[in-house]
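Each chain is listed here by its residues.
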Amino acid sequence: MSDAVSELREPLTARPVSYAEITADIARPLEGKPTRLWYLGIGISGTALLLGMLAIGYTISTGIGTWGLNRTVGWAFDITNFVFWVGIGHAGTLISAVLFLFRQRWRTAVNRSAEAMTIFAVLCAALFPLIHMGRPWLAFWPMPYPNLRGSLWINWRSPLFWDVIAISTYFIISATFWYVGLIPDFATLRDRFRGLKKKVFSFLSLGWNGSARTWQRYEVVYLLLAGLATPLVFSVHTIVSFDFATSVIPGWHTTIFPPYFVAGAIFSGLSMVLTLMLVARKVMRLENYITKGHVGSMCKLIIGMGGIVGLAYATEFFIAWYSGNPYEQFVFMNRALGPFAWAYWIMVSCNVIVPQLFWSGRIRQNLALVFGLSLLINVGMWFERFVIIVTSLHRDFLPSSWASYKPTLIEVVTLIGSFGLFFTLFFLFCRFLPVIAIGEIKGVSQWAQKKPQEVGSGGGGGDGAADSTVNGQTEEANA
Amino acid sequence: MSARIHWAAFERDDELLRATQAVRDKGYRIIDAFTPFAVHGLDRAMGLRASRLTWVCFFCGLFGLVFMTWFQYWSSAVDWPINVGGKPWNSWPAFVPVAFEGTILFAGLGVVAAMLIRCGLIPGRAPRLPAERVTDDRFVLVVASAGAGRPPDELANLLREFGAVEVHEELEHRAQLESRDPSGPEPSSAPAEASRPEEAGDPVAQGEEGRS
């Protein structure tokens with residue numbers, strides 16, 4: 001990230017700040033008392049979490065007969081939620097790994113919270129297959145461990161098992177990536193705090209002292225992890241789509257599913273990152289670091305991904321017609337005009353039409369509006385999974401077995417509970433960990449960019465032409 | 001431990017970069033630098049060799065690939081073959097996704113473990129800081145002092161010339177053990193106090209050969 005600073009680009013922080021100010025600003029939410037908004041936020045999400053736990057407790061003690069599933073629609077709300085949450089996680093990796101590889105320096109303001117979001121979203125996702133098993137205490141059975149039943153190994157050919165491995169790997173690698181990124185910040189916080197906090201951060205910071213040799217290896221490892229996470233994120237949602245695509249159900253059995261799911265996942269995740277960014281910015285008072293420029297960049301990414309998703313919807317319809325397969329054609333006509341047409345049109349309007357509003361710069365600058373639109377996209381992407389799963393199943397090959405599906409209250413409360421879990425974890429993260437990568441934001445701050453003269457020969461790895469007249473007032477402003 | 005070192009603190013990363021380059025051009029031996037964030041180009045200015053951790057990553061990944069491929073073959077074709085949908089025992093195309101995930105898992109965990117071990121990053125280890133603010137807003141350069149035959153003030157003057165706000169000369173082992181920041185809040189409670197100077201190993205010079 002040592003490229004030149006363009007005069008044409010907006011600065012990455014709203015107002016120039018010194019390194020010490022950056023540390024103080026980002027550590028502030030961890031010190032003293034949280035804001036009222038924070039208490040309000042965690043109050044609401046904590047209540048939702050408690051309700052969800054009650055619903056899950058009831059489901060597990062009674063059985064999944066508490067859900068609205070029937071013999072025709074065997075997968076509905078829970079698998080929709082699973083795919084929805086896994087998808088949310090993907091934008092975190094996109095921002096932390098893919099944008100890192102593309103040297104998009106604006107990511108520094110959002111990558112930490114996006115990575116946290118990935119981990120929390122994967123936790124929420126893992127919840128649903130777990131409770132769908134009916135006996136979650138046997139959830140370790142899909143793991144290939146030597147057992148007393150023979151050893152009876154698992155069926156490696158099953159996409160559902162691939163999913164177990166992919167999601168577990170994704171969780172482990174994302175958590176590792178997140179932790180590695182946090183180590184230098186833990187060290188900064190350790191040297192800032194006293195008492196218990198110092199002890200905790202001291203333990204977590206592993207004795208980090210900022211030595212150039214450590215930094216060199218750290219940078220190499222960070223780059224490698226980004227390089228590993230990038231194909232991983234594509235593989236994970238590809239494998240999630242295999243859960244559907246390898247079946248023989250019309251509407252699921254299509255080769256477009258892997259790229260379609262990956263694009264949809266990143267799209268939904270971006271809108272969730274945007275939602276969270278705007279929340280964190282307000283609740284944690286980080287307006288100086290999460291600027292309108294960042295929000296604008298996110299909106300532009302959403303336009304791009306929304307375009308791919310829209311193209312995928314159109315392609316599905318085209319292929320259904322072009323294939324000449326009557327079952328395929330029926331499923332798609334049924335989606336758009338059948339009993340679940342309302343869900344289909346919510347999906348299309350939220351995912352294809354809403355992102356087009358972001359073409360307007362004025363809308364991108366209106367944060368309240370952006371917040372509302374990002375929520376709409378979240379809703380649309382939830383319905384996308386609902387449409388794919390339920391409308392493909394509910395009218396199958398024999399009209400005598402056609403059925404409908406309606407979620408029960410328990411299922412709805414479980415979904416609310418998963419949002420509660422997600423936001424509770426997120427608010428706790430905002431309170432107890434640095435929401436912005438302190439080390440990385442220092443590297444891109446205007447203070448760092450203001451180079452009085454060229455870096456000595458061989459010293460700068462391209463750092464040279466960073467003398468920016470736009471930022472010329474930095475020094476005076478801080479004096 | 002009679003080796004003497006010069007210890008210089010800078011306020012800006014570019015000053016540190018240029019000072020490092022200049023000091024090394026003059027033939028001094030740079031022991032280490034400490035920065036609050038990754039200063040790009042510093043490894044080149046210090047003359048550090050490229051890290052070999054990429055190879056660790058590659059071989060861990062290779063191991064993951066081979067191991068997961070073998071394990072799937074062995075468990076489904078050798079140890080207990082089960083007929084699933086009439087597929088051959090060794091239906092290897094179906095083994096690709098798990099082998100791929102195994103590659104990523106082993107490569108990622110392996111390279112992180114290797115880095116932590118190589119950098120001596122161990123949970124609960126007391127940090128050995130050269131100055132209190134080095135994780136906040138100070139950039140510290142530690143250079144071996146000149147032997148005989150060099151003008152005594154040359155190094156200190158050179159460091160000041162490049163913007164060092166503080167320069168000290170001291171015995172090597174003290175460099176990273178005392179708070180060097182007079183403006184800091186309470187030097188006596190500096191975190192570095194936790195580790196005592198009796199340690200024989202020189203932490204700053206650890207990995208002196210500049211490899212990983």
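As a starting point, this report considers the structure included with it. Because the structure is a prediction, the values reported are computed rather than measured.

1. Some details on the interface of chain B and chain A
Each side of the interface is counted separately: chain B has 87 residues, and chain A has 75 residues. Carbon and sulfur atoms make up 64% of the surface buried where chain B meets chain A, a total of about 6,600 Å² over both sides. In this assembly, chain B and chain A are joined by one salt bridge. Linking D32 of chain B and R213 of chain A is a salt bridge whose minimum nitrogen-to-oxygen distance equals 3.7 Å.

2. What about the nonpolar core?
Counting residues in hydrophobic clusters, the biggest one holds 167 residues, and the most contacted among them are W85, L270, L274, F358, F386, F422 and F429 of chain A. Take this core: its biggest share by element is 17 residues, from helix α8 (residues 257–283) of chain A. With residues up to four places along the chain from it excluded, the contact list for F386 of chain A reads F77, T80, F340, A343, T391 and Y405 of chain A. Core analysis: the second largest hydrophobic core is formed by 26 residues, I30, F37, L158 and L159 of chain B among them.

3. Here's the deal with a nonpolar patch on the surface
Residue and element names in this part refer to chain B. Taken together, the side chains of W55, F58, F59, L62, L65 and V66 present a nonpolar region at the surface, about 610 Å² in accessible area. As for its position among the elements, V66 is in helix α3 (residues 53–79). Relative accessible area serves as the criterion here: at 52%, V66 is assigned to the exposed category.

4. Concerning the pattern of salt bridges
Residue and element names in this part refer to chain A. All chains considered together, the criterion is met by six salt bridges over all chains. Residue D185 pairs with R112 through a salt bridge whose shortest N-O separation is 3.0 Å. Taken as a pair, D185 in helix α5 (residues 159–190) and R112 in helix α4 (residues 111–132) lie far apart in primary sequence, 73 residues in all. On the accessibility criterion, R112 (3% relative accessible area) is buried. The shortest N-O distance in the salt bridge between R385 and E384 comes to 4.0 Å. Each member of the pair, R385 as well as E384, is classed as buried.

5. Here we look at unusual backbone geometry
All names here are of chain A. Across the junction of G150 and S151, the peptide omega takes the value -25 degrees, indicating a cis bond. Looking at the secondary structure, you find S151 in the loop between α4 and α5. Of note, the phi angle at L206 is positive, near 60 degrees, even though the residue is not glycine. Tracing the backbone shows L206 in the loop between α6 (195–204) and α7 (212–245).

6. Regarding the side chain of E384 of chain A
Structurally, the position occupied by E384 of chain A is in helix α13 (residues 367–394). Residue class for E384 of chain A comes out buried when judged on its relative accessible area of 1%.

7. Some thoughts on the state of the cysteines
Here, the word disulfide means a covalent bond between the sulfur atoms of two cysteines. Residue and element names in this part refer to chain A. Counted by the stated rule, this structure contains zero disulfides over all chains. Here C124 stays free of any disulfide, with the sulfur of C430 as its closest cysteine sulfur at 15 Å. In this structure C350 is a free cysteine whose sulfur lies 16 Å from that of C299, the closest cysteine sulfur available. The class of C350 is buried, set by a relative accessible area of 7%.

Rules of the game
- Residues numbered from 1 in each chain as written.
- Chains lettered and ligands numbered in written order.
- Predicted model: local features only at pLDDT ≥ 70, side-chain atom pairs only at ≥ 80, totals over all residues.
- Heavy atoms only, no water.
- Contact = heavy atoms within 4.5 Å.
- Buried area = accessible area lost by both parts, 1.4 Å probe.
- Salt bridge = Lys/Arg side-chain N within 4 Å of Asp/Glu carboxyl O.
- Core = buried A, V, L, I, M, F, W, Y, C linked by side-chain atoms within 4.5 Å.
- Buried < 20%, exposed > 50% of the residue type's maximum accessible area, 1.4 Å probe, protein only.
- Helix = DSSP H or I, 4+ residues; strand = E, 2+ residues; numbered from the N terminus.
- Patch = residues over 30% accessible without salt bridge, like charges linked within 9 Å, V, L, I, M, F, W, Y side chains within 5 Å.
- Areas by Shrake-Rupley, 256 points an atom, 1.4 Å probe, with all protein chains shown as cover.
- Disulfide = S-S within 2.5 Å.

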